[in-house]
Amino acid sequence: MAIGWVAQVALRLWLFRQHAGPVANPDETGYLIAARWLAGGPGADLTGFTFYQGGYPLLLAPVFWFTSDPVVAYRLVVVVGAMVAAGAFPLAYLLLRRLGTGPRAAMAAAFAGGLSPSLLLFSGLALADALLPTLVLAWLVALHDLVARGSVRAGALAGGLAGFAVAVHLRGTVLLGVTVLAMAGMLITRRGGAAGTFFARRRGAAAGLVAAVVVAGAATALNRVLSAALYPGGARDLSGLLAERVSGLDGQAWALAGAAGQLWYLIAATWGLAGVGLAGAVAVVARRSAPGPRRALAAVLLATTLGIAYASSAALPDEHRVGNYAYGRYLACVALAWTLAGLLVLARAGRGAVVRHALAAAGLLAVTGGVVVRYAGDRLQRYAFIAFDFPEVIFLSRVRDSFDLVAASLAALALLACLAGAALLTARRGWPAVLAVLAAVNLVFAAGLAPKSAPAAGPDWLPVLTGPGRVAVDRRVPWNVRAPLAYRVSWTELEHYDRTPPAGVCTAVVPPDSGPPPAGWATTGAGGTRQGWTTWVSDRCPGGSPRGR
């Protein structure tokens, strides 16, 4: 187990060895600045941006106790992300063992699943998405133990994890809601199973609810403190947008179509396995004779997945990008769980069941894809295609500059056919063949992620500034400069102003068309129209020489 975890970490560190700073802005910047502030370092004014919760920054904060250098800190954050994401491997093993899989098969399946794109992509970035899949698997293991054995410890752990998820991301609110409903159901349901287990389960559910309330309360307090410190003028109001969407027919159409797009992406990005798992979960929930723990896990995973897909789509602003209609990041936290569910179906079911589940997965992929095409129409071609939003789709379609839903769907169906074919050739003994296919596809995807060469030396698109001294940026400078610069300026908090630099500031970042600087300031000649900025320096600061280039 330890060797497997080390191998998973090592692969991630190799894949992201060239990462030296945030690339997914403003998201990464928001988490990094929150971690730096929690560690006692400079904060920033992130007013108007999406609020980035404090749960993951809390794990990253120790990095900033050891270094304030933004490049060194980021490289250490990548190490933390790799270790956290690789933690999904032992948890996947535990979950498969709980579901009756033998130790060797569970180890192999967990390792192959740990190579899934959803786990590799975000582990090298300063994003909460590195943590969420691991958190979800731990939550599922704890819920299984609560239902199966009535463990009070498992109940408290499940509730605590759900409460902590609220501190990590808005998706955690869905996780908490599902947890509360599931545990409340255990408290009010009539007796089922052995009397001892039933009463123990109720005690465990009560402990879980208490833990959920306490931890969620602490998470809310942490988020409020962080919001007051880093978003003094308020964050982007996604909750208000969510309420507006769900209260009107047009908003409902947007939310439901977006949810369908997320389900399409989930199935395609897991090579069809999530579709097989979804079909299997529905069958388990509908079959009253199925074991209680398995029915419970299937039900909570379905509810969580559908809840996240709907709520995140409803709260997503219309940014005129293709990702508004088909997006994989929000359901990436459950992708491994559904991959494991699909593997269980293919490896255990008879030939007829394998065919039925594969056909159901193909049908679900076609229906959800059809909803996307019908609702979005030509916006899939007209709106901005951001490659970062579609790594698995690009891998499937081999098209890097536009969204080809049909090609990606056909490729995903072909891979599903390979997985199902491997299962059919070795019915009910399909672990080795199915896992060999899955591991091969995942490794090919990982090879595509690997950097082909080191990044070009020299400055990037941001001002190169050096301390000490206060730094301020004009609010007219584009956000994609202001946001990452707030992390790059590590010795002081980056200040914001309108047109006239504040007194006492040593370096001002201004729009390139600002004209000549006021008295007491000199231009550096750095930047330009293409970069969207230039810099001024104050002659009142020590040296009075240009500080930016």
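Each remark here, short or long, concerns the structure printed above.
Please read these numbers as outputs of a predicted model, since none were measured by experiment.

Undergrad: Can you walk me through helix H23 (residues 479–488) in this structure?
TA: Because each turn of an α-helix spans 3.6 residues, side chains separated by three or four positions end up pointing in the same direction. With respect to burial, H23 is a largely interior element, seven of its ten residues being buried. Among all positions of H23, only Val481, Arg482, Ala483, Pro484, Leu485, Ala486 and Tyr487 are buried. At its buried positions, H23 is contacted by helix H2 (27–38), helix H4 (63–66), helix H5 (70–86), strand E1 (470–474), strand E2 (495–497) and strand E3 (505–510).

Undergrad: Mind showing me how you'd approach the sheet that holds strand E5 (residues 534–538) here?
TA: Within a beta sheet, neighbouring strands are joined by backbone hydrogen bonds and run either parallel or antiparallel to one another. The strand order E2-E1-E3-E5-E4 describes an open sheet built from five strands, whose pairing is mixed. Strand pairing shows two members of the sheet lacking a second neighbour, E2 and strand E4 (521–523), which therefore form its edges. Mean inter-strand twist for the sheet, computed between neighbouring axes without regard to direction, equals 30°. The pairing of E3 with E5 spans four bridges and is antiparallel. Each bridged residue has a counterpart across the sheet, and for Ala508 the counterpart in E5 is Trp536.

Undergrad: I'm lost on the pattern of salt bridges in this one. Help?
TA: As enumerated under the stated definition, the model contains twelve salt bridges in all. Between Asp474 and Arg476 there is a salt bridge whose closest N-O contact spans 2.9 Å. The exposure class of Asp474 is buried, given its relative accessible area of 0%. A relative accessible area of 37% means that Arg476 is categorised as partly exposed.

Undergrad: What is the right way to look at the nonpolar core in this model?
TA: Side chains that are nonpolar tend, in soluble globular proteins, to be buried together. One finds Leu137, Trp139, Leu140, Trp264, Trp338 and Phe403 to be the most contacted residues of the largest nonpolar core, which totals 177 residues. Examining the composition of this core, we find that 14 residues originate from one element, helix H17 (residues 332–348), more than from any other. Non-local contacts of Trp338, meaning those with residues more than four positions away in its chain, are made with Leu266, Leu273, Ala274, Gly277, Leu278, Ala281, Leu301, Leu302 and Thr305. Ranked by size, the runner-up nonpolar core spans seven residues in total, among them Ala472, Val505, Ala508 and Val510.

Undergrad: Is there a simple way to explain the packing of aromatic side chains in this structure?
TA: What describes a pair of aromatic rings is the distance from one ring centre to the other and the angle between the planes of the rings. The final tally for this structure, using the stated rule, is 17 aromatic pairs. A centroid spacing of 5.6 Å and a plane angle of 85° characterise the contact between Phe89 and Phe111, whose relative ring orientation is edge-to-face. With a gap of 22 residues between them, Phe89 in helix H6 (residues 88–98) and Phe111 in helix H7 (residues 103–114) connect regions that are remote in the sequence. Take Phe111: its relative accessible area is 29%, and that puts it in the partly exposed class. Look at Tyr327 and Tyr330: their rings are 5.1 Å apart centre to centre, the planes differ by 75°, and that puts the pair in the edge-to-face class. We note that Tyr327, like Tyr330, is buried. Among the aromatic residues, ring-to-ring pairing joins Trp264, Tyr265, Phe385, Phe390 and Phe403 into one connected group. Positioned over the ring face of Tyr327 is Arg321, at 5.2 Å from the centre of the ring. When the ring centre of Tyr375 is taken as reference, the NZ or CZ atom of Arg379 above it lies at 5.3 Å.

Cut-offs applied
- One numbering rule holds for all chains: residues counted from 1, following each sequence as written.
- In view of the model being predicted, local features appear only for residues whose pLDDT reaches at least 70, and side-chain atom pairs are presented and counted only at 80 or more, with totals across whole chains, interfaces and linings using the full set of residues.
- Values shown for side chains rest on all heavy atoms present in the structure; no hydrogens or waters enter the calculation.
- Buried, partly exposed and exposed residues are distinguished by accessible area as a fraction of the type maximum, computed with a 1.4 Å probe on protein chains only: under 20%, between the cut-offs, and over 50%, respectively.
- Counting from the N terminus, the helices are DSSP H or I runs at least four residues long and the strands are E runs at least two residues long.
- Note on contacts: a residue pair is in contact if any heavy atoms of the two residues lie within 4.5 Å.
- By definition, two strands form a pair when at least two bridges between them are found by DSSP.
- For helices, the fitted line uses only the C-alpha atoms of the stretch in contact; every axis is such a line through C-alpha atoms, and the angle between N-to-C directions lies from 0 to 180 degrees.
- What counts as a salt bridge is simple: a side-chain nitrogen of Lys or Arg found within 4 Å of a carboxyl oxygen of Asp or Glu.
- Joining through side-chain atoms within 4.5 Å is the link that ties buried Ala, Val, Leu, Ile, Met, Phe, Trp, Tyr and Cys residues into a set, and such a set is a nonpolar core.
- By convention, a stacked pair of Phe, Tyr or Trp rings (six-membered ring in the case of Trp) has centres within 6.5 Å and planes under 30 degrees apart, an edge-to-face pair has planes over 60 apart, and any other such pair is tilted.
- Note on criteria: charge over ring means Lys NZ or Arg CZ within 6 Å of the ring centre, with the direction from the centre no more than 35 degrees off the ring normal.

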